[in-house]
Amino acid sequence: MIIGVVNTHREAVISLKVRGPQGREEELEAVVDTGFNGWLSLPPALIAMLGLPFRRRGRAQLADGSDSLFDIYEGAVMWDGQLRRTAIDEADTDPLVGMSLMYGYDLGMQIEVGGSVILNQRLQQKPMA
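These numbers were taken from a predicted model, which means no experiment stands behind them.

Conventions and cut-offs
- Residues numbered from 1 in each chain as written.
- Predicted model: local features only at pLDDT ≥ 70, side-chain atom pairs only at ≥ 80, totals over all residues.
- Heavy atoms only, no water.
- Pairing = 2+ DSSP bridges.
- Helix = DSSP H or I, 4+ residues; strand = E, 2+ residues; numbered from the N terminus.
- Phe/Tyr/Trp six-rings, centres within 6.5 Å; stacked < 30°, edge-to-face > 60°.
- Buried < 20%, exposed > 50% of the residue type's maximum accessible area, 1.4 Å probe, protein only.

Draft legend 1. Summary view of the pairing of strand β1 (residues 2-6). The sheet contact formed by β1 and strand β10 (residues 116-121) spans 4 bridges and is antiparallel. Across the sheet, Gly 4 pairs through a bridge with Val 117, a residue of β10. Relative to strand β2 (residues 12-19), β1 is paired through 2 bridges, and the arrangement is antiparallel. Counted as the bridge partner of Val 5 is Val 13 from β2. Between the antiparallel neighbours β1 and β2 lie 5 residues, among them Arg 10 with a positive phi of about 65°.

Draft legend 2. Representation of the pairing of strand β7 (residues 82-90) in the model. As paired strands, strand β4 (residues 40-42) and β7 are joined by 3 bridges and run parallel to one another. The residue bridging Leu 42 from the neighbouring strand is Glu 90, located in β7. Where strand β6 (residues 67-79) lies against β7, 8 bridges are found, and the strand directions are antiparallel. The residue bridging Gly 75 from the neighbouring strand is Thr 86, located in β7. Here β6 hands over to β7 after 2 residues, with Asp 80 in that stretch at a positive phi of 55°.

Draft legend 3. Structural detail: the packing of aromatic side chains. Enumeration according to the criterion identifies 2 aromatic pairs in this entry. Note on Phe 54 and Tyr 73: the rings are 5.8 Å apart at their centroids and 80° apart in plane angle, and the pair reads as edge-to-face. Of this pair, Phe 54 sits in strand β5 (residues 54-61) while Tyr 73 sits in strand β6, placing them 19 residues apart in sequence. Residue class for Tyr 73 comes out buried when judged on its relative accessible area of 12%. With 5.7 Å between their ring centres and 75° between their planes, Trp 79 and Tyr 105 make a pair best called edge-to-face. Taken together, the residues span a long stretch of sequence, with Trp 79 in strand β6 and Tyr 105 in strand β9 (residues 105-109) at a distance of 26 residues.

Dropping the structure here:
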């Protein structure tokens, strides 16, 4: 089970540890984003600090209908007590947890400041695409 909280900005956030290939780790808060179908997004400075290896370019259509090109890296995330290899999209925003990382989990939230955010495993994990 993964437990987070609704913050004062009315964002559902959870704590994550992200690890680079040389074992460098960073603990961070990430916003749960059900409109993001990727795995995890991190800002460029954090990707560089962790030394994440580049894998490919990606393209996405944003909510406003515009297209966005971005780089995709590979890292590892401590997820529900297990280290998972994860695709990480570069985005100049706060870290976001996407639907691919949450796949196979039930998401429950108390939508109020300080409310709980709970992810419970339900299905077998989807392998990294």
